[in-house]
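Structural overview
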Amino acid sequence: MTSDGAHRRIPLATHFTFQAKVFATPGVYFTRDDASDDPVFHVPLGDVVARVPAPAVCREFHIEAGSSDRDLLDLVARALAHVAEVRPGDSVPTEIIDGAASWRFDPAHHLIARGRLFAHLLAWATGVPNPIPPRDGLLVFEDSENFIARGEAALAKAAA
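Each chain has its residues counted from 1, running along the sequence as written. Confidence filtering applies because this is a predicted model: local features only for residues at pLDDT of at least 70, side-chain atom pairs given and counted only at 80 or more, and all residues used for totals across whole chains, interfaces and linings. Heavy atoms from the whole structure form the basis of all side-chain values; hydrogens and water molecules are not counted.

**Brief notes about the nonpolar core**
In summary, soluble globular proteins display a tendency toward joint burial of nonpolar side chains. Ranked by internal contacts, the top residues of the largest apolar core, which has 20 residues, are F16, F18, F23, F30 and F41. Helix and strand labels come from DSSP, where a helix needs a run of H or I of at least four residues and a strand needs a run of E of at least two; each type is numbered from the N terminus. For this core, the elements supplying multiple residues, two or more each, are β2 (39-45), α1 (54-60) and α2 (68-79). For this core, the leading source of residues is α2, giving five residues. In what follows, a contact means two residues having at least one pair of non-hydrogen atoms within 4.5 Å. Once residues within four sequence positions are removed from consideration, F41 is found in contact with V22, F23, V28, Y29, F30, A50, R51, V52 and V57. By size, the runner-up hydrophobic cluster in this structure holds five residues, among which are F118, L121, L122 and A125. Throughout this description, the term nonpolar core refers to a set of buried Ala, Val, Leu, Ile, Met, Phe, Trp, Tyr and Cys residues connected via side-chain atoms within 4.5 Å. Think of it in three bands: residues with accessible area under 20% of the maximum for their type are buried, residues over 50% are exposed, and the middle band is partly exposed, with areas taken using a 1.4 Å probe on protein chains only.

See below:
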């Protein structure tokens, strides 16, 4: 807090620029542990890759609370909610920086989502489980004979 009672806003990093030498080891990266959901540091060691929980990295390499590397490790944990892995030097996902999506919405995504919804609607309305068409089939699902023949009745059943 500042002297007038306002919170001091600390600028958010835009890249994972670590200072400790351990993060400069070639091939290192972070992922989320499947069991605990905590960040895990991966270090290649010849033919094997060591998996070290982030708290152990802090302890073993003396990364103190309040240090820039510790702040970046906290940021890694948040970033892994948006990306599968983080490597030193990567940019911080825009979802964390300003809330913007880090991927571009393509109109095909809308058609695919709509096709999936209609495929499930047809299966529900007819009681006949239909396999979801492949991605390319979902792009034109509403124009398919399957949908045209049964789609209106399925929509009417859903509306009722």
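After that view, the rundown keeps rolling.
**Remarks on the packing of aromatic side chains**
Stacked, tilted and edge-to-face pairs are distinguished by plane angle, under 30 degrees for stacked and over 60 for edge-to-face with tilted covering the rest, among Phe, Tyr and Trp rings (Trp via its six-membered ring) whose centres lie within 6.5 Å. Going through the model one piece at a time under the given rule, you end up with five aromatic pairs. A ring pair is formed by F18 and F30, whose centres lie 5.9 Å apart and whose planes are at 35 degrees; its orientation type is tilted. Residue F18 is found in the segment before β1 (29-32), and its partner F30 is found in strand β1; the two are separated by 12 residues along the sequence. According to the relative accessible area criterion, F30 is buried, its value standing at 0%. Taken together, the ring pairs connect F18, F23, F30 and F41 into an aromatic cluster. Only when the NZ of Lys or the CZ of Arg is both within 6 Å of the ring centre and within 35 degrees of the ring normal is a charge said to sit over the ring. We note K157 situated over the ring of W124; from NZ or CZ to the ring centre the distance is 4.9 Å.

**Topic: the sheet that holds β1**
Pairing between two strands is assigned when DSSP locates at least 2 bridges connecting them. Pairing within the open sheet is antiparallel, and its three strands lie in the order β1-β2-β3. Single-partner strands in this sheet number two, and they are β1 and β3 (48-53). For this sheet, the mean angle separating the axes of adjacent strands, direction not counted, is 35 degrees. Both β1 and β2 contribute to a ladder of four bridges, which runs antiparallel. The partner of T31 across the bridge, within β2, is V40. Between N-to-C directions, angles span 0 to 180 degrees; the directions come from axes that are lines fitted to C-alpha atoms, helices contributing only their stretch in contact.

**Thoughts on unusual backbone geometry**
One non-glycine residue, D37, adopts positive backbone phi at about 70 degrees. Tracing the chain through its elements places D37 in the loop between β1 and β2. One non-glycine residue, H62, lies in the positive phi region at around 55 degrees. Mapped onto the elements, H62 comes out in the loop between α1 and α2. On the basis of relative accessible area, H62 is assigned to the exposed category, the value being 63%.

**Section: the side chain of D33**
When you line up the elements, D33 lands in the loop between β1 and β2. By relative accessible area, which is 18% here, D33 ends up buried. Counted as a polar contact is a pair of N or O atoms within 3.5 Å, where, for protein atoms, one must be capable of donating a hydrogen and the other of accepting one, and residues adjacent in sequence contribute only when both atoms are in side chains. At 2.8 Å, the side chain of D33 forms a polar contact with the backbone nitrogen of S36. Here the side chain of D33 touches R51 through a polar contact of 2.9 Å, side chain to side chain. With near-sequence residues (within four places) excluded, D33 lies in contact with D38, V40 and R51.

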